[in-house]
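# Residue-level structure breakdown
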Amino acid sequence: MGLLFELQKTLFSRFDLSKPFGQIDRDVVFYTYPFESNYEGSRFHLSAPDSVLAEDLGDGLLASENYFNRLFRYAIFEPVKRKENANAIVLLHGLNERKWGKYLLWAYKLAEWTGAPVILFPLANHMNRSPEAWSYPRKMSEVLRKRRDSYGAIENSSFANVALSSRVDRSPEVFISSGLQSILDIVELTAKIRSGIHPLFKAGTGVDFFSYSIGALVTEILLMANPSGLFSTSKAFLFCGGATFDQMDARSRTILDNKAFESLQGFVRSFELVRSSNSLFELFKPFGNSIREVFLSMISLENFRPEREYKLKSLANRVRALGLKLDKVIPGRAILDTFCMGQCKNVAVADFDFKYSHEMPFPINDVSVADKVEQAFQSVFRDASCFLKR
């Protein structure tokens with residue numbers, strides 16, 4: 001096995017989100033901090049009664065989900081030789097992620113190569129902001145059986161995606177609600193960092209982003225809307241993400257089953273529903289019109305296209321996007337099309353000489369292609385680190 005595999009083993013064995021502090025090696029340490037989400041919009045996002053969702057997801061899981069989603073811990077990887085005046089780098093993950101797994105290596109290398117602290121921040125209802133039982137194959141297999149009993153065979157249905165699929169299928173508003181909650185939480189975290197309230201950062205510290213998959217969409221909205229002027233100088237490296245929603249295909253055994261994705265697709269594409277529904281309109285109230293307009297512009301390639309392209313062009317010096325040619329979830333071509341119909345110099349599409357996917361761009365455990373995977377990983381993260389380094 002290669003060096004990345006060995007480092008990943010070390011990370012798995014030493015990282016513990018329940019500990020306030022830990023040391024990975026002589027180069028990188030980690031801290032964890034509690035966070036309480038102040039988002040009040042969750043009461044709007046359930047179109048189905050709680051009892052119906054609880055029946056799908058298992059007894060008690062819905063109630064525990066609300067608790068974990070509101071109160072949780074996040075981690076920061078800090079290089080021992082931290083660069084003076086470095087910004088914080090917020091690392092955002094993909095849709096339906098339950099474990100930090102692959103991202104530990106990403107955060108470690110970003111911290112090592114930029115000299116900046118890297119914050120692994122969970123999006124709403126994901127990672128450790130969801131019940132741990134949602135990651136248990138035995139528990140979720142029973143939920144999967146019930147879903148198949150109700151609907152019959154569903155393509156791309158699995159124990160890994162049944163929790164999110166059930167919720168999205170019954171209540172697709174959760175996609176909007178979770179996105180807005182994530183945005184509000186990141187705004188609150190950024191405000192604490194910039195003001196010097198956060199114990200690891202002095203006042204005036206800025207925030208940059210390394211964002212993957214759906215995390216890239218959240219980042220685009222933050223930078224284009226720029227709530228409270230907090231992200232006026234922020235940089236962002238978007239990996240396997242950045243396309244409008246209508247160009248994404250989340251039908252995957254690790255993301256959403258086909259029925260759930262079709263429900264979500266139909267709901268989100270109908271942005272007029274967002275305008276006319278009183279409960280959904282309420283979701284946007286704490287954010288003002290800018291977030292709402294930017295969000296709507298990212299639903300479809302044609303929605304508010306001139307406004308979106310103008311904003312993205314204005315961010316060209318602060319945003320770099322890299323897609324993958326064989327990515328089926330968020331194709332590289334779709335990212336190019338979103339950024340000024342592919343005319344932007346800050347967007348590129350890469351291809352690797354080994355079998356990869358959106359969900360697993362770097363198959364580090366495959367010994368047969370270890371050298372090629374390490375080379376590809378180094379290329380992507382050296383590029384990202386060079387761009388984000390201050």
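Residues numbered from 1 in each chain as written. Predicted model: local features only at pLDDT ≥ 70, side-chain atom pairs only at ≥ 80, totals over all residues. Heavy atoms only, no water.

### Topic: the confidence of the model for the protein
Confidence in the prediction for the protein averages 89 pLDDT; 89% of positions are at 70 or higher. Below a pLDDT of 50 lies the segment residues 44-53, which in the model reaches 21 contacts outside its immediate sequence neighbourhood of four places, other chains included. (pLDDT = per-residue confidence, 0-100. Contact = heavy atoms within 4.5 Å.)

### Re the pairing of strand 3 (residues 71-79)
The buried count for strand 3 comes to seven of nine residues, which makes it a mostly enclosed element. Taken together, the nine bridges between strand 2 (residues 28-36) and strand 3 define a ladder with antiparallel strand orientation. Bridge pairing links Tyr31 to Ile76 in strand 3. Bridging between strand 3 and strand 5 (residues 118-120) involves three bridges; their strand directions are antiparallel. Counterpart to Ala75 in the pairing with strand 5 is Leu120. (Buried < 20%, exposed > 50% of the residue type's maximum accessible area, 1.4 Å probe, protein only. Helix = DSSP H or I, 4+ residues; strand = E, 2+ residues; numbered from the N terminus. Pairing = 2+ DSSP bridges.)

### Focus: the side chain of Glu220
For Glu220, the position within the fold is in helix 8 (residues 214-225). Notably, Glu220 is buried but unbridged: the nearest opposite-charge side chain belongs to Arg308, and the N-O separation is 7.4 Å. Residue contacts for Glu220: discarding those within four places in its chain leaves Leu238, Gly242, Ala243, Met298, Leu312 and Phe339. (Lys, Arg positive; Asp, Glu negative; His and termini not counted. Salt bridge = Lys/Arg side-chain N within 4 Å of Asp/Glu carboxyl O.)

### Here's the deal with unusual backbone geometry
With a phi angle near 55 degrees, Ser213 is a residue other than glycine that sits in the positive phi range. Mapping Ser213 onto the fold places it in the loop between strand 6 (207-212) and helix 8. A positive phi is found at Phe304, a non-glycine position, where the angle reads about 50 degrees. Considering the arrangement of structural elements, one finds Phe304 in the loop between helix 12 (288-297) and helix 13 (305-314).

### A word on the environment of Val294
Considering the arrangement of structural elements, one finds Val294 in helix 12. Setting aside its immediate chain neighbours within four residues, Val294 contacts Ile221, Met224, Ala225 and Lys311.

### Some details on the packing of helix 4 (residues 101-114) against helix 15 (residues 370-388)
With their axes 9 Å apart at the nearest point, helix 4 and helix 15 run at an angle of 50 degrees to one another. If you check the angle between helix 4 and helix 15, you find them oblique. As helix 4 runs across helix 15, the sense of the crossing is right-handed. Residues Leu105, Trp106, Lys109, Leu110, Trp113 and Thr114 of helix 4 lie in contact with helix 15, whose contacting residues are Phe377, Gln378, Phe381, Arg382, Ala384 and Ser385. The residue inventory of the contact of helix 4 with helix 15, partitioned by class, reads seven nonpolar, three polar and two charged. (Axes fitted to C-alpha atoms, helices over the stretch in contact; angles between N-to-C directions. Parallel < 35°, antiparallel > 145°, perpendicular 65-115°, else oblique. Left-handed = near helix turned anticlockwise from the far one by under 90°. Nonpolar A, V, L, I, M, F, W, Y, C, P; charged D, E, K, R; others polar.)

### Observations regarding the sheet that holds strand 3
Strands sit in the order 1-2-3-5-4-6-7-8-9 across an open sheet of nine strands; the sheet is mixed. Of all the strands in the sheet, just strand 1 (21-23) and strand 9 (347-350) have a single pairing partner and so form its edges. Ignoring strand direction, the axes of neighbouring strands in this sheet form an average angle of 20 degrees. In this structure, strand 1 lies alongside strand 2, joined through three bridges in antiparallel fashion. Residue pairing for strand 2: Gly22 is matched across the bridge by Phe30. Lying over the sheet, helix 4 contacts strand 2, strand 3, strand 4 (88-92), strand 5, strand 6 and strand 7 (236-239), oriented at roughly 165 degrees with respect to strand 5. Against the sheet, helix 8 touches strand 4, strand 6, strand 7 and strand 8 (319-324), its axis set at about 145 degrees to strand 6.

### Some remarks on the environment of Cys340
On the secondary structure map, Cys340 appears in the loop between helix 14 (332-338) and strand 9. Sequence-wise, Cys340 and Pro306 are 34 residues apart; in three dimensions their C-alpha atoms are separated by 9.4 Å.

### Quick notes on the packing of aromatic side chains
Two aromatic rings are characterised by how far apart their centres lie and by the angle between their planes. Scanning the model with the defined rule gives 33 aromatic pairs in all. Seen in terms of ring centroids, Phe72 and Phe121 are 5.7 Å apart; in terms of plane orientation they differ by 75 degrees. Their pairing is edge-to-face. Taken together, the residues Phe72 in strand 3 and Phe121 in the loop between strand 5 and helix 5 (137-151) connect sequence positions 49 residues apart. Its relative accessible area of 5% is what places Phe72 among the buried residues. With centroids separated by 6.2 Å and ring planes inclined at 75 degrees, the aromatic side chains of Phe354 and Tyr356 adopt a geometry described as edge-to-face. Like Phe354, the residue Tyr356 is buried in the burial classification. (Phe/Tyr/Trp six-rings, centres within 6.5 Å; stacked < 30°, edge-to-face > 60°.)

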